[in-house]
Every structure is written in C-alpha cells, then in structure tokens.
Amino acid sequence: MHSLVFIKQVPDAAQVRVDYHTGTLIREGVPAIINPYDTHAIEAAVQMKDKFGGIVSVLSMGPPMAEEALRKALSMGADKAYLLCDKVFAGSDTWATSYALWAGAQKVIQENGPVDIFWAGKQAIDGDTAQTGPGLATRLDIPLVTCAIKIIEANPEKGYIIVQRLIEGGSETLQVSMPCMITAEKELNDLRFSPLPDLIKAVKSSVQLLNSTNTTIDPAQCGLKNSPTKVKRVFIPSKRERGEILEPSGKEIADVLFEKIEPVLKQMGRV
Amino acid sequence: MRKNDFDVIIVGAGPAGLAAGYVLAKEGISVAIIERGIFPGSKNVMGGIFYRSSLDDLIPDFYKEAPIERHIVEQKIWLLSEDSMFSTGIKSEKYNVEPYNCFSIFRAKFDKWFAKKVADASAMIINETVVKDLILDGDRVIGVKTDRPNGDLYCDVVIAADGVNSFLTKSLGLRKKITTNNVALALKEIIELPDKVINDRFGVSGSSEGVTIEITGPYFDKMRAIGFVYTNRNSLSLGLGVVTEDMVKLKINPNDLLEKFKSHPAIKPLINGGETKEYMAHLIPEGGYYSMPKLYSNGFMVVGDAAMLVNSIHREGANLAIESGKFAARTYIEAKKIGDFSQKTLSSYQKKLEDSFVLRDLKTYKNLPKLLEEKQYLISKYPKFIIDAMYEMYNVDKVSKSEKIKLIMNKAKKELGYFNILKDVFSVWRDFR
Ligand SMILES: Cc1cc2nc3c(=O)[nH]c(=O)nc-3n(C[C@H](O)[C@H](O)[C@H](O)COP(=O)(O)OP(=O)(O)OC[C@H]3O[C@@H](n4cnc5c(N)ncnc54)[C@H](O)[C@@H]3O)c2cc1C
C-alpha cells in the first residue's frame, strides 16, 4: 500500500495576532506547525502502512523552512518526504496550489510507484478554504471523501475503502474504489507518541527538494499571477453590536416583541 | 556488552548542551542531544545579555549571522528608594566597536540558530523527548531512558546539561540539597516599544546599540532582589530575580513585586506606552561555588546550570554554560583516546574548569551568597544612605555644605553605626580578598 499525504506548514493559530493597523496577520516569531488536520491524515496513512505494509510519502509546497514540517511527518512514521520549493509557486491560490501539488505527486509516483490513497487534512487553519484536497482529487480524477472521521474497512486487495464522513447534522458512510483521496477531520484518529527510533530516523533522512526544473511543472500555471483568485480587500470584520435584552414576562413579552418586529416587517413589505 | 547507539548523549539543548555537542560533532564523535522542548530554546527564559567571548572561540564572528537584538554600549547600575534613584555605570565607545563585548538576545531565536549550527556539524538533535532516567551498570552510567517507546539509548558518557532543576544530577546523588537560599525566582516581561522610542529613552544613536540597567536598593524592602531592564531592538526585557527564601519569608507575591517595580518613578517612563507581549518565570541557581554538585562520575559529567555555574552578580550564566560544555567535550575527547571513561579520567573536567575563569570567578564570589543571606542590608541600608546623601548634597536649601556633611555623618552614625560600618567593610574585604 502506498499512501501519499499532502501537508502544509502553518503558523500556530493559537499564537497569531492581528496587526490592527494593516489588518494582516503578524507571523513574526510565531512557531510554525503542521496544519493540525494534516497530522491526522499522516497518522491515518501510517496506520494503513502498519496494517498492510508498504510506504508513506509526504509532499508539501512551501518555503525552505517547511522542511521542518516534513521532518516532523517523518518522525510520525512517514518514509519519504518531498518539498516543492520554488519562487514560481509564491502567492499561489488553491487552484494553482493543487496544480503544483498534482505535478509534484507525479514525481513521487515516478519514484515510489502508484499511490493507493491520497490523504490531506480537511482544510488548512490559516486559509480555511478546504479546496486543495478536492482540487487535487479533481485533477487526479479519482473519488473523493472529505471530512473523514472513521476508516471502517480498507481492502487494498479488492481495491476499495469504506469511510465514515462528517456531514451537517450527522455522518454518512461511503465506499469508494482506490485510488482515492481522503481528507481528514481530527476525529479520524488519535496521534501516536512516536517511538524514539522514528525520531532518529527522521533526523537522519533527507527531504527531497522539487522545483520547476526537476519536475514537469509548468510555471505558467503557478504563482500569484496565474491564480484565478484575486484578493480584493483584507479587512477585520466589524464587531457585531450587542443585541438588546428584553426582560418582561408572560403575555407582555409577546406585545413588546411585536412592537419591535412590526416596523421591520413593514419595511420589508411583509405586513 | 551492548552496542552503543552514540558515543555521547547530552541531555538538554541549552547553551551548555549545544556547546558540548558542537565541539564533539566537529571532532567527528557521534553525539545525540535530547531536548524536551519542541525545539531548542522553546523552553528557555533569559533576561538576555549574552557575552561574546565564549561562543566566539567555537564560531568565530558568530554575531554577524546570529539573531541578536542590540550590542550593549552602556551598562548602568541603579539604586532605588521609594522616590529616588541613584545611578552609576559605564558607557564607552570601546563597547561600540566590533567585535562587541555583549548583546541582548532572545533565547528562543538564539538557541534555535545555535542548534542549527550544531546540527550542521552533524550532531543529532532529538526534540520533544524527555530523559526520564539514567541507565547504570553498577556505578557506571551507560545510557539514558527516555519517555518514548523503544526509548533507551546507550553511550560511553552522558553529559547532563539539563538546567537548574537537573534531575539527572539529583538521581545520581551528586547534588547537594538545594535550599531556597540557593535559587532565585526570576520573573520577566517583554514589553514592546518602537525602536525609535527605545533609542530616545535610552540615549543611544541607533537601533543596534543597547543599554542594560541592573537595579537594587531599599525599594525592594528586605529582599535579596535584583531588577533589570535590557533593550532589545523593538522591546525591553524587564524583570526581577529574588532569592526564593526571601519571597517565602516575607510572604511576597512575585507579581505584586513586579508591578511595584514597574511603577517606580524611574522605571515607569521607560516602559510607558509599551505593550507586555510575554511573561515568563524561571529559576536561577544563585548559590554559587558552595552549591555546586560533584561535577563528574563514571561515564557522567555535569555542565551549565545543572552544575550551578552562574555568576549572578555579573549575570553570567549562558557564557559559563558554554565554557563548561566545551571543557566537558574536550575531556571526553581525551578520555576516548585512552578508552577510559571512569571518574578518574573524567576528573580532568573539573581541573579544566578550575584553571579557567569560570571557577576562579565563582571562587572569588563564593562567600557572597552567605554574606547577603546574613547581611541583606548591604544592598538596602547602604544604598539608602548613598541615595539620601546624594540627595542632600544637591539639594540647595541655604544649609551650608559643611553643615550638610555633618548631617550626613550623623545619619550614618545613627542608621548604620560607625562600628558596624567598619565590621561590614572588614567582612566584605575578608570575603573577597
Ligand atoms: C530571567 C533570567 C535571566 C537571565 N539572564 C542572563 C543573562 O543576562 N546572561 C547570562 O549569561 N545568563 C543569564 N541567565 C542564566 C542563563 O539563562 C543560564 O545560565 C543558561 O541558560 C544555562 O544554560 P544551560 O544550557 O545550562 O541550561 P538551560 O538553558 O536551562 O537548558 C537546559 C535544557 O535542558 C532541557 N531539559 C531539562 N531537563 C530535560 C530532560 N530530562 N530531558 C530532556 N531535556 C531536558 C530543557 O528543556 C532546556 O532546554 C538568566 C536566567 C534567567 C532565568
């Protein structure tokens, strides 16, 4: 079984502050971590390896310091780590990012063989778009299960997996054929406390760097310039006014409420 | 016999452990540094004045690439009473030329940088792992147990660089009992201010020049307390170290004390308008020479704060940690040549420290902790007298200067007593002779 996990390094949200003058995030001095949802994707992939054998590859796109995140993934039990790192990727939106990751994945497949399950976190805590995983599934043209909370059965021999996923107000269970793409919720598993030999292995392993010259990536499809998403404005949402609290009781309250609502309804042309 | 995983295992990636690791790795010795924090520096609190010379031996001109805040051009000492401040110190252009004497730094950034250097020298740094115990063969240390599954590691020598609470030295029984008189509780805040504001308030001509202020005096009542204010690029490190015994005895809430410190009329304008960004507390071993543990055992050496190597009066700790780390590493290299890691061979580590400024300085100040324990008033009553005398001499109120001197002398007689002054002078002289 070959799993490929897409991970992202993000600033630790618990420690990010907002610069109220510019409306941007102050990232200076904030520790970088693996996107928390991605850690569960890694764990799920490593559990597959523990059960069925095979290997786990991890791929990330980011600045050189994202190597730390990949090393962490290695210490969690991944075997091969790749970092897409090139100026041409800078400013990519989710569309361009999934393109670059897709191209990077081709390289990983070339080196480590076909992938049975592609994994990612359900979303990154810095952008919160939840689009990269689905974007990758589309480009790879494979079935997609987002927001996975439980692996019910995996059968690599017959080439299917049954996954429970979170939906609004409940959950649903899907069976998909492999290869497939699964994005993880935190409920998917509990992270392991890695054994020491894995930590040592992680320090010793190398992270392979991918860029526009050693992959088939087309720079004309990456980066800020080639991203269809345009940021129009970044702003801090204005604080919502505190609601009015009414304290009369019994029948009285209905009258008071009606008095409040009537003019609004009139204005809307509803009465 | 079991195969070694590494030649040397160092516990703790502070300055002591990193320095030892660097020297060993450069010699091609296989070494692992085990750190419980998520990265080296993540658990470290330091007011932040780092002296150049000890690290410069290892990484020449390190300050040109390391993350430093400001080089220090002026060091001041302030004595505070309720409403006054007496100031002395040294500012020199000699401090303003490369290679600088010392720097303000943030340990979280600095240690991370240092660790990268050490890793590049091919020492293995293992983070997020706690050493729980030593593995012994008879009375010989042969490895460590960590909190990780399959977490035992074997080696020739373990170097304990695990800081002030050194659990390892305790577990081997090398440590003397640490009393509340031997450790200070240090509190520290980082207060953010624009660099231009800092430059103006501290009278320096650029954002790379810095100032330090060490503060004591009757304002801290009967406590053995030293306050400090150090300039970083865009913030101030402000804090206090108080001998824990005094805090307990006088039932002082450390936070109240810090607030009191910040509200002093001489301190307040320095931090005015600043935003407190971080707040930290940590212990500093201040017991000095007499509180040191035995520094070595079979297959074992102790470095840095774990060995209580801090010169509190000169706020030297990180540099002594580095110095001791180097000596321990060199001792291992010599021991490896003869293939013997017994106490007898490793005792040359202590010898090296004794021949260097590290233990010479600690010996010079060896009686200081005891002296201040018995005569706390040396840093409250005398400063008060100096402040009052100074105030009097500059206060023109038509009393003649000779009259004023008489008044001051009378005050000295009343508050301190001539005979007591003589006794104190003698005991200080005797202790530092
Ligand atoms: C507020 C304050 C201000 C100071 N100001 C100065 C100053 O201005 N100048 C100066 O030179 N010194 C200063 N010092 C002293 C200086 O910080 C110390 O002397 C120095 O950090 C000692 O280095 P070390 O490597 O021995 O220990 P530490 O820096 O304490 O490092 C010990 C490391 O060991 C790790 N560790 C501990 N136990 C274990 C374990 N069981 N398993 C794995 N890892 C473990 C810890 O996480 C830590 O990273 C100050 C100290 C404080 C608290």
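Each chain has its residues counted from 1, following the order in which its sequence is written. Chain letters start at A and ligand numbers start at 1, both assigned in the order the entries are written. Where local features are concerned, this predicted model is filtered to residues with pLDDT of at least 70; where side-chain atom pairs are given and counted, the filter is 80 or more; whole-chain, interface and lining totals use all residues. In computing side-chain values, all of the structure's heavy atoms are included and hydrogens and water are not.

Chemist: So, the overall build of chain B: which residues are in play, and what are the values?
Modeler: If you tally the helices and strands in chain B, you get 15 helices and 18 strands. Against the compact-globule benchmark of 22 Å for 433 residues, chain B has a radius of gyration of 23 Å, which places it among compact chains. Projected onto the principal axes, the alpha-carbon positions of chain B cover approximately 85 × 50 × 40 Å. Between buried and exposed lies partly exposed: a residue is buried under 20% and exposed over 50% of the maximum accessible area for its type, with that area taken using a 1.4 Å probe on protein chains only. Counting over 433 residues, chain B shows a buried share of 56%. We count a stretch as a helix when DSSP gives it H or I for four or more residues in a row; a strand needs E for two or more, and each element gets its number in order from the N terminus. Our radius of gyration is a C-alpha quantity, and the globule rule it is checked against amounts to 2.2 Å times the number of residues to the power 0.38.

Chemist: Any details on empty space enclosed by the protein? Residues and values, ideally.
Modeler: It is a probe the size of a water molecule, rolled over the atoms, that shows where empty space is left. All names here are of chain B. Cavity: a set of points on a 1 Å grid over the protein atoms alone where a 1.4 Å probe fits but cannot get out. Pocket: an open set with protein on both sides within 12 Å along at least five of seven lines, its lining residues, like those of a cavity, having an atom within 4 Å of a point. Grid points are joined across faces, edges and corners, and a volume is the space filled by probe spheres set on the points. For the structure shown, the criterion picks out one cavity of 30 Å³ or more. One number sums up the size of the largest cavity: a volume of about 80 Å³. Along the walls of the largest cavity sit 13 residues, with Gly288, Val310, Ser312, Tyr365 and Pro369 positioned nearest its centre. In the scheme used here, Gly and all other residues not listed as nonpolar or charged are polar, with Ala, Val, Leu, Ile, Met, Phe, Trp, Tyr, Cys and Pro taken as nonpolar and Asp, Glu, Lys and Arg as charged. Class assignment of the residues belonging to the lining of the largest cavity gives a composition of seven nonpolar, four polar and two charged.

Chemist: Could you give an account of a nonpolar patch on the surface, with specific residues and numbers?
Modeler: Residues and elements named next belong to chain A. On the surface, Val18, Leu25 and Ile236 cluster together into a nonpolar patch covering about 200 Å² of accessible area. With respect to the secondary-structure elements, Val18 resides in strand 3 (residues 17–19). On the basis of relative accessible area, Val18 is assigned to the partly exposed category, the value being 31%. To count toward a patch, a residue needs a relative accessible area above 30% and no salt bridge. Like charges then connect within 9 Å, nonpolar side chains (Val, Leu, Ile, Met, Phe, Trp, Tyr) within 5 Å. Per-residue and other accessible areas follow the Shrake-Rupley method at a 1.4 Å probe size, with only the shown protein chains counted as cover for residues. A carboxyl oxygen of Asp or Glu within 4 Å of a side-chain nitrogen of Lys or Arg is what we treat as a salt bridge.

Chemist: I'd like a rundown of the interface of chain A and chain B, residues and numbers included.
Modeler: A common way to state how big an interface is: give the accessible area lost once the parts meet. Contacts: residue pairs with any heavy atoms within 4.5 Å of one another. In this assembly, 13 residues from chain A lie in contact with 19 residues from chain B. The interface formed by chain A and chain B holds two salt bridges in total. Polar contacts, as counted here, are pairs of nitrogen or oxygen atoms within 3.5 Å of one another; within protein the pair requires one atom able to donate a hydrogen and one able to accept it, and residues that are adjacent in sequence qualify only if both atoms are side-chain atoms. Linking chain A with chain B are three residue pairs in polar contact (both at pLDDT 80 or more), by the criterion used here. Of all the secondary structure elements, the ones that give two or more residues to the side of chain A that touches chain B are helix 2 (67–75) and helix 5 (196–204) of chain A.

Chemist: So, the side chain of Asn35 of chain A: which residues are in play, and what are the values?
Modeler: Residues and elements named next belong to chain A. In this structure, Asn35 sits in the loop between strand 5 (32–34) and helix 1 (36–52). Polar contacts involving the side chain of Asn35 include one to the side chain of Asp38, which spans 2.7 Å. In contact with Asn35, other than residues within four places in its own chain, are Lys8, Val10, Gln123, Ala124 and Ile125.

Chemist: Which residues make up the pairing of strand 7 (residues 80–84) of chain A, and what are the values?
Modeler: Residue and element names in this part refer to chain A. The element strand 7 is extensively covered by neighbouring structure, given that four of its five residues are classed as buried. Judged from the five bridges that link them, strand 6 (residues 55–61) and strand 7 form a sheet pairing that is parallel. Within strand 7, the residue paired with Ser57 across the bridge is Lys80. Handedness of a crossover is defined as follows: with both strands directed away from the viewer, a clockwise route from the first strand across the helix to the second makes it right-handed. Assessed by its sense of winding, the connection that carries the chain from strand 6 through helix 2 to strand 7 is right-handed. Relative to strand 13 (residues 207–210), strand 7 runs parallel, the two being bridged by four bridges. Within strand 13, the residue paired with Tyr82 across the bridge is Gln208. Paired strands, in this sense, are two strands between which DSSP finds at least two bridges.

Chemist: Now, about the domain arrangement of chain B: what can you tell me, with residues and values included?
Modeler: An automatic or database domain assignment supplies the residue ranges for each domain. In terms of domain boundaries, chain B breaks down into domain 1 (8–67 + 106–179 + 292–364), domain 2 (183–285) and domain 3 (375–432). Distance between the C-alpha centres of domain 1 of chain B and domain 3 of chain B: 45 Å.

Chemist: Break down the state of the cysteines for me, with residues and values.
Modeler: Residue and element names in this part refer to chain A. Criterion for a disulfide: a pair of cysteine sulfur atoms at a distance within 2.5 Å. If you walk through the whole model with that rule in mind, you get zero disulfides over all chains. Take Cys180: it sits in no disulfide, and the sulfur closest to it among the cysteines is that of Cys147, at 15 Å. A relative accessible area of 0% means that Cys180 is categorised as buried.

Chemist: Residues and numbers for the sheet that holds strand 11 (residues 157–160) of chain B, please.
Modeler: If you walk across this open sheet you meet the six strands as 7-2-1-11-18-17 (chain B), and the pairing is mixed. Edge positions in the open sheet fall to strand 7 (124–126) and strand 17 (296–297) of chain B, since each of these has one partner strand only.

Chemist: Can you lay out the pattern of salt bridges for me, pointing to particular residues and giving the numbers?
Modeler: According to the stated counting rule, one finds 39 salt bridges over all chains in the structure shown. When the shortest N-O distance is used, the salt bridge between Asp424 of chain B and Lys375 of chain B registers 3.3 Å. Separated by 49 residues along the polypeptide, Asp424 of chain B in helix 15 (residues 418–432) and Lys375 of chain B in the loop between helix 12 (368–374) and helix 13 (381–394) bring together distant segments of the chain. Among the charged side chains, a network of salt bridges with common partners joins Glu43, Asp50 and Arg192 of chain A.

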